[in-house]
Amino acid sequence: MSTCTCCHQGQLQPLTLDNGLFVYACNACQGYALDIATYLDWRREQPPLQASPHAPVGIQPPHADHRHALHCPACQRLMLKYRVHAGDSPSIDTCLRCDCIWLDGGEWDYLQAIGLHTSLTAISTAAWQARRAQLTVNLRRAEQDREQLGDEVYAQAQQVLAWLQEQPERKHILKMLHRLN
Ligand SMILES: [Zn+2]
Ligand SMILES: [Zn+2]
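The structure contained in this document is the topic of the report that follows. Along each chain, residues carry numbers from 1 onward, in the same order as the chain's sequence is written. Chain labels run from A onward and ligand labels from 1 onward, assigned in the order the entries are written. Thresholds applied to this predicted model are a pLDDT of at least 70 for local features of residues and 80 or more for the giving and counting of side-chain atom pairs; totals over whole chains, interfaces and linings are not thresholded and use all residues.

Let us look at the environment of His 8. In DSSP terms, a helix is any run of H or I states spanning at least four residues, a strand is any run of E spanning at least two, and both are numbered starting from the N terminus. Inspection of the secondary structure assignment puts His 8 in the segment before strand 1 (12-16). Here the C-beta atoms are placed from the backbone, and a residue counts as buried if at least 20 other C-beta atoms lie within 10 Å of its own, exposed if 12 or fewer do, and partly exposed otherwise. Residue His 8 is classed as exposed on the basis of its C-beta count, with 11 C-beta atoms lying within 10 Å. The sequence separation of His 8 and Cys 26 amounts to 18 residues, and the corresponding C-alpha distance is 9.7 Å.

In this section: the sheet that holds strand 6 (residues 100-103). Read across the sheet, 6 strands follow the order 1-2-3-6-5-4 without closing on themselves; strand pairing throughout is antiparallel. Among the strands making up the open sheet, the edge pair consists of strand 1 and strand 4 (80-83). If you compare each strand with its neighbour and ignore which way they point, the axes differ by 35° on average. Taken together, the 3 bridges between strand 5 (residues 91-95) and strand 6 define a ladder with antiparallel strand orientation. Residue pairing for strand 6: Thr 94 is matched across the bridge by Ile 101. Strands are labelled as partners when DSSP assigns at least two bridges between them. A fitted line through C-alpha atoms represents every axis, and for helices the fit uses only the stretch in contact; the resulting angles, taken between N-to-C directions, go from 0 to 180 degrees.

Moving on: the pairing of strand 1. Of the pairings in the sheet, the one linking strand 1 to strand 2 (residues 22-26) comprises 5 bridges and is antiparallel in character. In the strand pairing of strand 2, Leu 12 is matched with Cys 26. If you look at the hairpin formed by strand 1 and strand 2, you'll find 5 residues sitting between the two strands, and Gly 20 has a positive phi there, around 95°.

Let us look at the nonpolar core. Considering soluble globular proteins, one finds that nonpolar side chains tend to be buried as a cluster. Here, a nonpolar core denotes buried Ala, Val, Leu, Ile, Met, Phe, Trp, Tyr and Cys residues that are linked to one another through C-beta atoms within 7 Å. Residues Tyr 32, Ala 33, Leu 34, Ile 101, Trp 102 and Leu 103 are the most contacted members of the largest nonpolar core, which totals 25 residues. At the level of secondary structure, the elements contributing two or more residues to this core comprise strand 2, strand 3 (32-35), strand 5, strand 6 and helix 2 (107-113).

Right, let's talk about the pairing of strand 6 for a bit. Of the two faces of strand 6, the one lined by Cys 100 and Trp 102 and the one lined by Ile 101 and Leu 103 are each fully buried. One ladder, built from 4 bridges, connects strand 3 with strand 6; its direction is antiparallel. Across the sheet, the residue bridging to Tyr 32 is Leu 103, located in strand 6.

Shown next, in the form of C-alpha coordinates:
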(Lines give C-alpha, C1' and ligand atoms only; values in the text may rest on other atoms or scores of the structure.)
(Ligands and ions follow the chains in the order given, each with its own letter.)
Protein backbone atom coordinates (compact mmCIF):
# COMPACT_ATOMS: atom_id res chain seq x y z
CA MET A 1 0.00 0.00 0.00
CA SER A 2 1.26 3.46 -0.76
CA THR A 3 -0.32 6.67 -1.98
CA CYS A 4 -3.95 7.18 -1.02
CA THR A 5 -6.26 6.65 -4.01
CA CYS A 6 -8.98 8.79 -2.41
CA CYS A 7 -7.22 12.10 -1.71
CA HIS A 8 -4.10 11.42 -3.81
CA GLN A 9 -2.07 13.27 -1.18
CA GLY A 10 -1.50 11.11 1.84
CA GLN A 11 0.27 7.81 2.32
CA LEU A 12 -1.44 4.68 3.55
CA GLN A 13 0.24 3.46 6.70
CA PRO A 14 -0.42 0.42 8.88
CA LEU A 15 -2.43 1.29 11.97
CA THR A 16 -4.06 -0.69 14.77
CA LEU A 17 -7.24 1.00 15.99
CA ASP A 18 -8.13 1.23 19.70
CA ASN A 19 -10.52 -1.68 19.31
CA GLY A 20 -7.77 -3.85 17.83
CA LEU A 21 -8.73 -3.71 14.17
CA PHE A 22 -5.76 -3.48 11.82
CA VAL A 23 -6.17 -1.06 8.92
CA TYR A 24 -4.13 1.02 6.50
CA ALA A 25 -4.84 4.64 7.32
CA CYS A 26 -4.26 7.67 5.11
CA ASN A 27 -2.28 10.31 6.97
CA ALA A 28 -3.99 13.09 4.99
CA CYS A 29 -7.74 12.30 4.57
CA GLN A 30 -7.89 9.82 7.51
CA GLY A 31 -9.59 7.24 5.30
CA TYR A 32 -9.08 3.55 6.08
CA ALA A 33 -8.35 0.66 3.76
CA LEU A 34 -9.45 -2.63 5.31
CA ASP A 35 -8.62 -6.14 4.26
CA ILE A 36 -11.87 -8.11 4.48
CA ALA A 37 -10.25 -11.31 5.80
CA THR A 38 -8.57 -9.29 8.58
CA TYR A 39 -11.85 -7.55 9.28
CA LEU A 40 -13.72 -10.86 9.56
CA ASP A 41 -11.11 -12.27 11.96
CA TRP A 42 -11.49 -9.16 14.08
CA ARG A 43 -15.28 -9.24 13.94
CA ARG A 44 -15.39 -12.81 15.23
CA GLU A 45 -13.91 -11.50 18.49
CA GLN A 46 -16.50 -8.76 18.90
CA PRO A 47 -19.58 -9.05 21.08
CA PRO A 48 -22.75 -9.20 19.01
CA LEU A 49 -24.33 -5.80 18.56
CA GLN A 50 -27.85 -4.90 17.72
CA ALA A 51 -27.56 -2.95 14.50
CA SER A 52 -29.81 0.04 14.30
CA PRO A 53 -30.87 1.27 10.89
CA HIS A 54 -31.14 4.87 11.98
CA ALA A 55 -28.53 7.13 13.45
CA PRO A 56 -29.31 8.21 17.00
CA VAL A 57 -30.29 11.83 17.24
CA GLY A 58 -27.29 14.12 17.31
CA ILE A 59 -24.89 11.89 15.39
CA GLN A 60 -24.23 13.12 11.89
CA PRO A 61 -22.54 11.28 9.06
CA PRO A 62 -18.96 12.57 8.64
CA HIS A 63 -19.64 14.24 5.29
CA ALA A 64 -21.23 13.54 1.96
CA ASP A 65 -19.67 10.53 0.29
CA HIS A 66 -17.00 11.44 -2.21
CA ARG A 67 -18.66 11.55 -5.59
CA HIS A 68 -15.83 10.43 -7.77
CA ALA A 69 -15.29 6.80 -8.55
CA LEU A 70 -12.63 5.47 -6.25
CA HIS A 71 -9.76 3.26 -7.28
CA CYS A 72 -8.67 0.33 -5.15
CA PRO A 73 -5.48 1.20 -3.22
CA ALA A 74 -4.11 -2.27 -3.86
CA CYS A 75 -4.95 -3.08 -7.51
CA GLN A 76 -5.94 0.42 -8.77
CA ARG A 77 -9.13 -0.87 -10.32
CA LEU A 78 -12.46 0.84 -9.87
CA MET A 79 -14.17 0.08 -6.58
CA LEU A 80 -17.90 -0.45 -6.15
CA LYS A 81 -20.13 1.39 -3.73
CA TYR A 82 -22.74 -0.28 -1.62
CA ARG A 83 -24.71 0.71 1.42
CA VAL A 84 -23.88 -0.90 4.73
CA HIS A 85 -27.53 -1.01 5.61
CA ALA A 86 -30.80 -0.20 3.90
CA GLY A 87 -31.81 3.39 4.43
CA ASP A 88 -29.43 6.27 4.61
CA SER A 89 -26.38 4.58 6.08
CA PRO A 90 -23.09 5.60 4.44
CA SER A 91 -22.08 3.76 1.31
CA ILE A 92 -18.67 2.18 1.39
CA ASP A 93 -16.36 1.19 -1.44
CA THR A 94 -15.23 -2.33 -1.99
CA CYS A 95 -12.85 -4.12 -4.36
CA LEU A 96 -13.98 -7.68 -5.03
CA ARG A 97 -10.67 -8.67 -6.57
CA CYS A 98 -8.64 -7.76 -3.52
CA ASP A 99 -11.43 -8.27 -0.99
CA CYS A 100 -10.75 -4.88 0.41
CA ILE A 101 -12.92 -2.05 1.71
CA TRP A 102 -12.37 1.68 1.74
CA LEU A 103 -13.87 3.92 4.42
CA ASP A 104 -13.70 7.68 4.05
CA GLY A 105 -12.20 9.67 6.91
CA GLY A 106 -14.58 9.63 9.89
CA GLU A 107 -16.78 6.91 8.43
CA TRP A 108 -15.54 4.19 10.75
CA ASP A 109 -16.24 6.33 13.82
CA TYR A 110 -19.68 7.11 12.49
CA LEU A 111 -20.47 3.46 11.79
CA GLN A 112 -19.25 2.58 15.25
CA ALA A 113 -21.47 5.29 16.76
CA ILE A 114 -24.57 3.89 15.06
CA GLY A 115 -23.62 0.28 15.76
CA LEU A 116 -23.00 -0.83 12.18
CA HIS A 117 -19.23 -1.24 12.34
CA THR A 118 -19.58 -4.99 12.87
CA SER A 119 -21.94 -5.37 9.92
CA LEU A 120 -19.78 -3.92 7.17
CA THR A 121 -20.18 -6.93 4.98
CA ALA A 122 -22.33 -9.62 6.56
CA ILE A 123 -19.88 -11.24 4.23
CA SER A 124 -20.27 -14.89 5.13
CA THR A 125 -24.02 -14.85 4.74
CA ALA A 126 -26.08 -15.98 1.77
CA ALA A 127 -27.27 -12.41 1.34
CA TRP A 128 -23.69 -11.23 0.89
CA GLN A 129 -22.93 -14.04 -1.54
CA ALA A 130 -25.91 -13.02 -3.65
CA ARG A 131 -24.93 -9.39 -3.41
CA ARG A 132 -21.36 -10.27 -4.27
CA ALA A 133 -22.50 -12.07 -7.42
CA GLN A 134 -24.53 -9.02 -8.35
CA LEU A 135 -21.58 -6.74 -7.58
CA THR A 136 -19.38 -8.79 -9.86
CA VAL A 137 -21.86 -8.30 -12.68
CA ASN A 138 -22.09 -4.60 -11.85
CA LEU A 139 -18.32 -4.31 -11.79
CA ARG A 140 -18.02 -5.80 -15.25
CA ARG A 141 -20.73 -3.47 -16.54
CA ALA A 142 -19.12 -0.48 -14.86
CA GLU A 143 -15.80 -1.26 -16.53
CA GLN A 144 -17.47 -1.59 -19.91
CA ASP A 145 -19.30 1.71 -19.39
CA ARG A 146 -16.12 3.45 -18.35
CA GLU A 147 -14.22 2.15 -21.36
CA GLN A 148 -17.00 3.33 -23.64
CA LEU A 149 -17.35 6.79 -22.06
CA GLY A 150 -13.90 7.63 -20.79
CA ASP A 151 -13.13 8.52 -17.17
CA GLU A 152 -14.48 12.04 -17.14
CA VAL A 153 -17.83 11.45 -18.82
CA TYR A 154 -18.24 8.23 -16.85
CA ALA A 155 -17.78 10.13 -13.58
CA GLN A 156 -20.33 12.72 -14.68
CA ALA A 157 -22.78 10.01 -15.71
CA GLN A 158 -22.39 8.44 -12.27
CA GLN A 159 -23.33 11.72 -10.63
CA VAL A 160 -26.43 11.95 -12.79
CA LEU A 161 -27.33 8.37 -11.90
CA ALA A 162 -26.83 8.99 -8.19
CA TRP A 163 -29.08 12.02 -8.43
CA LEU A 164 -31.65 10.08 -10.43
CA GLN A 165 -31.79 7.31 -7.86
CA GLU A 166 -32.83 9.80 -5.22
CA GLN A 167 -35.74 11.14 -7.25
CA PRO A 168 -39.16 9.79 -6.34
CA GLU A 169 -40.29 10.66 -9.88
CA ARG A 170 -37.38 8.92 -11.58
CA LYS A 171 -39.61 6.83 -13.84
CA HIS A 172 -41.06 9.98 -15.26
CA ILE A 173 -37.59 11.51 -15.68
CA LEU A 174 -36.47 8.38 -17.50
CA LYS A 175 -39.37 8.74 -19.89
CA MET A 176 -38.32 12.32 -20.55
CA LEU A 177 -34.74 11.20 -21.20
CA HIS A 178 -35.99 8.56 -23.56
CA ARG A 179 -37.69 11.23 -25.65
CA LEU A 180 -34.27 12.86 -26.18
CA ASN A 181 -33.12 10.40 -28.79
ZN1 LIG B 1 -6.20 10.05 1.66
ZN1 LIG C 1 -8.32 -4.15 -5.63
